[in-house]
Amino acid sequence: MQQSYEPTTEPAPDGAARVLVVDDDPTVAEVVTGYLERAGHVVDRAGDGPEALAHAAAHRPDLVVLDLMLPGMDGLEVCRRIRSRGPVPVIMLTARGDEEDRILGLEVGADDYVTKPFSPRELVLRVESVLRRARPAGDRRPVRAGGLTVDPAARRATRGGAELALTLREFDLLAFFLRHPGRAYSREDLMREVWGWEFGDLSTVTVHIRRLRGKVEDDPARPRLIQTVWGVGYRFEPARAETRQD
């Protein structure tokens, strides 16, 4: 007899992450919940969009595992609404491997995606990876370059003094560029250094570069800061502004 996992309403214990699992398939939701709980996380479950938004409003999650295909309100809209309330990491589940589905999820702010059918153990590893990136343990000093400032301790980025609305990965990507100006990095390099993955879909990097340019460039169609190095990848050029750390 399978164990039944019910949504958790108590606050997450110190050091534990609260994960919201949103999937209308009870079997998938139960399996994912079981693996995440055994990994030490506190899990809430929702079977549709409105229920997911209610859970997120009542208990702000540290991360959301979100099915793309939901009844009534799809995962893309749920992701938009959750992220409109603040920067919450989102891993999107999609039943199809189409590139368009993956890119749509990344475009609305998902930090990662997993294609069904998937290994629950792999999903747990992806969750752990995203959570680690959300709680950086490295150099947490603010860094400034090209009119941009990132403060890793506060998870805050500004452009000309105005705060930028960045996803988890966009923030980490910008912070990496600011700390390594003038050097060209391939998409493989960026996936390894920013995402922490040795392999993966490189279109993930491409989409995040495009989104980040839309937020930091005066003219994203003619990027000045995040430049394309043909045949190599990308390079951050702070122009005449100097990079400095506090």
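Below or above, wherever it landed, is the structure these notes cover. Note that the structure is a prediction, hence the values are computed from the model and not measured. (Residues numbered from 1 in each chain as written. Predicted model: local features only at pLDDT ≥ 70, side-chain atom pairs only at ≥ 80, totals over all residues. Heavy atoms only, no water.)

This next bit is on helix α3 (residues 75-84). Among the residues of α3, Gly75, Leu76, Val78, Cys79, Ile82 and Arg83 are the ones counted as buried. Projected down its long axis, α3 carries its buried residues within an arc of 160°, all on one side. Residue Asp74 occupies the N-cap position of α3, its side-chain oxygen lying 3.2 Å from the main-chain nitrogen of Leu76. Immediately beyond the C-terminal end of α3, within one or two residues, lies Gly86, with a positive phi of roughly 155°. (Buried < 20%, exposed > 50% of the residue type's maximum accessible area, 1.4 Å probe, protein only. Helix = DSSP H or I, 4+ residues; strand = E, 2+ residues; numbered from the N terminus. Arc of directions from axis to C-beta. Polar contact = N/O pair within 3.5 Å; in protein donor to acceptor, adjacent residues only side chain to side chain.)

We now examine the sheet that holds strand β1 (residues 18-22). Strand order in the open sheet formed by five strands is β2-β1-β3-β4-β5, with parallel pairing between adjacent strands. Bordering the open sheet on either side are β2 (42-46) and β5 (112-115), each of which pairs with just one other strand. Adjacent strand axes in the sheet meet at a mean angle of 20°, parallel and antiparallel pairs treated alike. Strand direction decides the pairing type here: strand β4 (residues 90-94) and β5, joined by four bridges, are parallel. Paired with Leu93 across the two strands is Val114, which belongs to β5. Against the sheet, helix α2 (residues 49-58) contacts β1 and β2, and its axis sits at roughly 145° relative to β2. Contacts between α3 and the sheet are confined to β3 (63-67) and β4, with β3 contributing the most and set at about 160° to the helix. (Pairing = 2+ DSSP bridges. Axes fitted to C-alpha atoms, helices over the stretch in contact; angles between N-to-C directions. Contact = heavy atoms within 4.5 Å.)

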